[in-house]
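An overview of the molecular structure
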Amino acid sequence: MMAKTNDLENLERDLSARIAAASDDAGLEAIRIEALGKQGSISALMKTLGSMSADERKEFGPKLNALKEAITEAIVAKKAMFAEAALEAQLKAEAVDVTLPPVRPRIGTIHPVSQVMEELARIFGEMGFAVEEGPDIESDFNNFTALNFPPKHPAREMHDTFFMNATDEHGARKVLRTHTSPVQVRTMLKQKPPIRMVCMGRTYRCDSDATHTPMFHQIEGLVIDESSSMADLKSVLIAAIKAFFEVDDVRLRFRPHHFPFTEPSAEVDVGCDRSGGQIRIGAGEDWLEILGSGMVHPNVLKNCGIDPEKYQGYAFGMGIDRLAMLKYGMPDLRAFFDADTRWLKHYGFSPYLLPGLAAGVG
Amino acid sequence: MKFTLSWLKQHLETEASIDEIVERMTMIGLEVESVEDAGAKLAAFTIARVISAEKHPNADKLRVCQVETKLGQLEIVCGAPNARAGLVTAFAPIGTFIPGTGITLEAKPVRGVISNGMLCSGAELELDTDADGILELDSNLKVGTPLAEALGLNDPVIDIEVTPNRPDWLGVVGIARDLAAAGLGKFVAKSIEPIKGAFASEQTVATEAPEACLVFAGRLIRGVKNGPSPAWLQQRLRAVALRPRNALVDITNLISLDRARPLHVYDAAKLKGVVRARMGNSGESFKALDGNEYAVTPDQCVIADDTRVLGYGGIMGGEYSGCSETTTDVLIESAYFDSTLTHATGRATGIVSDALYRNARGIDPESCADGIELATKLVLEFCGGEPSEIMIAGQARPPPRALSFDPGRTRALAGIEVSAARSKEILAALGFEIKADGKKLSVQPPSWRRDVEGSADLVEEIARIEGFDKMPETAPPRASGFRAPPASVGESRVRLGRRACASLGYDEAVTWSFCSRAHAAAFGGGGERLMLANPISSDLDCMRPSALPNLLVAAQKNADRGFDDARLFEAGPIYLDDSDAGQQRAIAAVWRARPPRHWRAAHMPDIFDVKRDVMTVLEAIGAPVASLQAASDVPAHWRPGKAGALRLGNKAMAIFGEIHPRALKALDVEGPAMAFEIFIDALPAPRAAKSGKGRAKPPLEKLDLMPLTRDFAFVVDDKIAAADLVRAALGADKALIADVSLFDVYRGERMAAGKKSLAIEVTLQPREKTLTDAEIEAASAKIVSAVMKATGGVLRG
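Residues numbered from 1 in each chain as written. Chains lettered and ligands numbered in written order. Predicted model: local features only at pLDDT ≥ 70, side-chain atom pairs only at ≥ 80, totals over all residues.

1. Side note on the domain arrangement of chain B
When the domains of chain B are assigned, the result is domain 1 (2-37 + 156-187), domain 2 (40-150), domain 3 (205-394), domain 4 (403-465), domain 5 (489-689) and domain 6 (708-795). Domain 3 of chain B and domain 4 of chain B are separated by 36 Å when their C-alpha centres are compared. (Domains from an automatic or database assignment.)

If you want it as structure tokens, here you go:
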């Protein structure tokens, strides 16, 4: 009996040592068969249980079962260790140089003019302005006559107009719109007051030098109702300029001016600081002219089928490219239209930067 | 329009400084371009007299002078050889910045003697380049007199931009009147005394073209002695950059600038018969005072006598009849010419003159007689002589009717509260005549204010004089209730497409709306009706049919700068004709295909890269991408066989692929270049807008049964389009087949010549119950037969 107990202890010691020493799955399997296989040493001992006395079996049985369990567990544990090690080895073998560059999709840019137009659409949209549109190739009527430019008047020539070569049956030529104001005319002709709109787009003047390009962009605003005055215009402009330049303190100076299509007319200067070669809107004691505006001329209302005795309103126009330069610091207008990728990437905007709260324009 | 401060003060009594005057001018609508104040930098310098000049004890070339200055007697060391007792010169006290040397004076010893200031040369003051000695000035000048005053440099020159509505501002009087109305001083109204004619002139004047020259007033003055005009007049003209000629001509220039009243003087000895305004005749010509010969035309107004054309009416006279030192009898012309016609003649001839500038903008129609009287007074004063009676031919247009004005309009339009009394005061100061008219005012504009036509004009007058700065801020009223979306469908799509393009790696460019006609023609445009009459240059003479040529040229320019991988797009207008509908929105993109270099294998960009991009952008815009059909017929600037159109029905929504090598050659652009163009306005209206069902989406259909897939490979003729095969398979059992995707195209040795294998994966979506094998078999058979019917393809063995 004692001898048997000692045998079990020896067997456990021996098997445990061999399991611990096993170097691979195959070695471990051999040990398992040797101990737990049909002919295995533990299996053989299990078979002897039947021939034992009840007392012997009572004592020896649990010991033998415990041995079997212990060895089985040791083998499973060892096996798991091998699997773990094999995985480790595999992962190590498959490691790559994480510093290698991936193939990245390129991200392009949004042109500043587009970005600023969307900012303005948002700002004026918040104030209840709809966005209207009109064509670049315009009739002389919409671009000039309806806007109270008398035919052959010197004011027309101050516009450096591009004319189309072709003439209509009356010998009249179309023009490339010199301002976005013809969209006022189109809107008033198709819509009854109240009108509250902006339009933005390409405009053209036959002029090209360091600060002028033959094509540029304007935004035009028009409000027609029964009571809007220049004071309302002032308030709208102050709100818009505060929102656009993201400053709280904006000073505006209205200077009397002359435009054929407004009466009274004013050029508007915004307070700024020019120290250090940079223009900062909202600070300082200097003035910068930024737009033309006024009360829509009664003749314009009449020309567009609106009764000037009943309705009145204001209009304003600004250069979009110039607004972009002032806000985002581009020094040169000509570069806007060069499509130089270095410029586009530097001054352009991420397509994910939608004007709005996230991009700083609300 | 230039004038000097002292000139302005002839008509405006004011104590205001130049800065105050300029500020007020700005705030009443006179745009000040510049103020040249030559005297400003001389402010510290005054007149001094040298009492004695002794040799410096320690230096041969220096003198120690005792100088009488505004600060009393001072000892000053001076190196000038002309420093001597009695010399009157310019003195600078310690602390003065000397502009010519850039040094600020300090009281420090010069070779042991302290100099208490400096006596200055012309070069040191930057008056001239004379550095050899100190200024030698008029010995009668009083010590302490400001140097600028002594030199006559204390008269700032103001240059203003005059808006076309205010021709009266082209005379100093007009500016003074407005400044006085704005409270800057007292307007000095100088009445013009008529001078009685001593005889009836035999030299007569007439207007034979009353539509061009409404009034022609003339006066002969005989026995004049012409010569240089007085020094004050010459200086006044020089100050505004006019060259003095002789007294008679200088008088006309003075009155033109002072009163915005152009005049002309003729040497009467050269005239034969009646001097008349008439329309020109073809074949006539004259040599003008600018030395150029002008051929006149029948739509131009000339002044002529019985034998010849003397000049252009209201623009420029001729050399032949001009006044010179030898003139003894002078005919003064003071006329009123039609402004539009004068302007047109000015444009046609290219002549630039002060008379043209004023007549083209419209002078005071009632100024003809006053102009003559004023000129007569000055001619008699400077040149003597005996005036004839005034002759006046023609008649001015009657003045416009008085306006009925409600003073409350100022508040309604400009938002500024101005009382009726104050309104009257302002208008009266500007020369308007006002009568009470019930609650309203009856306002007669002065003859020089033909721009004032209605209430709004009077509001502007009152508001600008009262001050636009009085305008209050109101809370900006918001439009109430529902408002339309702030952008059109087209514009919204452009915005989406723009961001989609940029997110795919293209940089947005904005290029000209025009290009050269050759470039336009190479891209399907260049039509006669899209040509500009006056392009900025010949390579920008045609409205573009597409942004592609401009983008391709830009991409090449980038490559020439060393950046050859440009991917550019533009979302902007294209012009198919010159009508409103001919302008359409398009998004064009170009991608210069260059071999990619990357450690992971990457392919050369090709048609399928731009096809992917164009479909992605279309998807972002909300176009019905699944319904679009690709077809291989494309416009001529696309490469045949390597470009395709995406169509809805037979209308192309977009084109993609490679640009034709011939088109690239026309642009001088190196290929290959991939591109796409999306025609935003061709896309169908969004569904929600069409159905009017609002923004609600249909309920989600989520099936519980697993979809299953089956693969098929078909052998078809090489010319069969893959899309046709896919479409056939999709249509084989519309209830069951959810998707068909093409995953392999094989041509090669295991394929017969002219054949290819197309392999598709078909997704079957059971709807009510799991499919049986037999049902799957039946579906497969339908697919095979549908494909065979559509393409002639057979299952690959």
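2. Some remarks on the packing of helix α19 (residues 722-730) of chain B against helix α20 (residues 773-791) of chain B
Residues and elements named next belong to chain B. Interhelical geometry of α19 versus α20 gives an angle of 140 degrees and a closest axis separation of 8 Å. Our classification of the angle between α19 and α20 gives oblique. For the pair α19 and α20, the crossing hand works out as right-handed. Taking contact as the criterion, the partners of Asp 724, Leu 725, Ala 728 and Ala 729 in α19 are, on α20, Ile 783, Ala 786, Val 787, Ala 790 and Thr 791. Grouping the constituent residues of the contact of α19 with α20 by class yields 7 nonpolar, 1 polar and 1 charged. (Axes fitted to C-alpha atoms, helices over the stretch in contact; angles between N-to-C directions. Helix = DSSP H or I, 4+ residues; strand = E, 2+ residues; numbered from the N terminus. Parallel < 35°, antiparallel > 145°, perpendicular 65-115°, else oblique. Left-handed = near helix turned anticlockwise from the far one by under 90°. Contact = placed C-beta atoms within 7 Å. Nonpolar A, V, L, I, M, F, W, Y, C, P; charged D, E, K, R; others polar.)

3. Focus: the sheet that holds strand β2 (residues 137-138) of chain A
Paired through their backbone hydrogen bonds, the strands of a sheet run either parallel or antiparallel. All names here are of chain A. Strand order in the open sheet made by the 3 strands is β2-β4-β3, with antiparallel pairing throughout. If you trace the sheet from one side to the other, it starts and ends with β2 and β3 (163-167), each paired once. When β3 meets strand β4 (residues 173-176), the two strands line up antiparallel, connected through 2 bridges. Looking at the pairing, Phe 163 lines up with Val 175 of β4. (Pairing = 2+ DSSP bridges.)

4. Notes on the pairing of strand β36 (residues 638-648) of chain B
Residue and element names in this part refer to chain B. The sheet contact formed by strand β35 (residues 629-631) and β36 spans 3 bridges and is antiparallel. Bridge assignment links Ala 630 to a residue of β36, and that residue is Leu 646. Counting the residues that bridge the hairpin from β35 to β36 gives 6 residues. As judged from the 7 bridges shared by β36 and strand β37 (residues 651-659), these two strands associate in the antiparallel manner. Directly across from Gly 644, in β37, lies its bridge partner Phe 656. Taking the residues between adjacent antiparallel strands as the criterion, β36 and β37 are bridged by 2 residues, where Gly 649 takes a positive phi near 65 degrees.

5. Concerning the interface of chain A and chain B
If you look at the interface, chain A gives 70 residues, while chain B gives 79 residues. With 8 residues, the single largest contributor to the side of chain A that touches chain B is helix α9 (residues 230-245) of chain A. Split by residue class, the side of chain A that touches chain B holds 38 nonpolar, 16 polar and 16 charged.

6. Here we look at unusual backbone geometry
Backbone torsion omega between Pro 193 of chain A and Pro 194 of chain A reads 5 degrees, so that peptide bond is classified as cis. When you line up the elements, Pro 194 of chain A lands in the loop between α8 (182-190) and β5 (195-204). Looking along the chain, the bond that leaves Gly 671 of chain B and enters Pro 672 of chain B is cis, with omega of -10 degrees. Within the element layout of this structure, Pro 672 of chain B appears in the loop between α17 (661-667) and β38 (673-679). One non-glycine residue, Asn 148 of chain A, lies in positive phi territory at about 70 degrees. Of note, Asn 148 of chain A is situated in the loop between α6 (140-143) and α7 (154-157).

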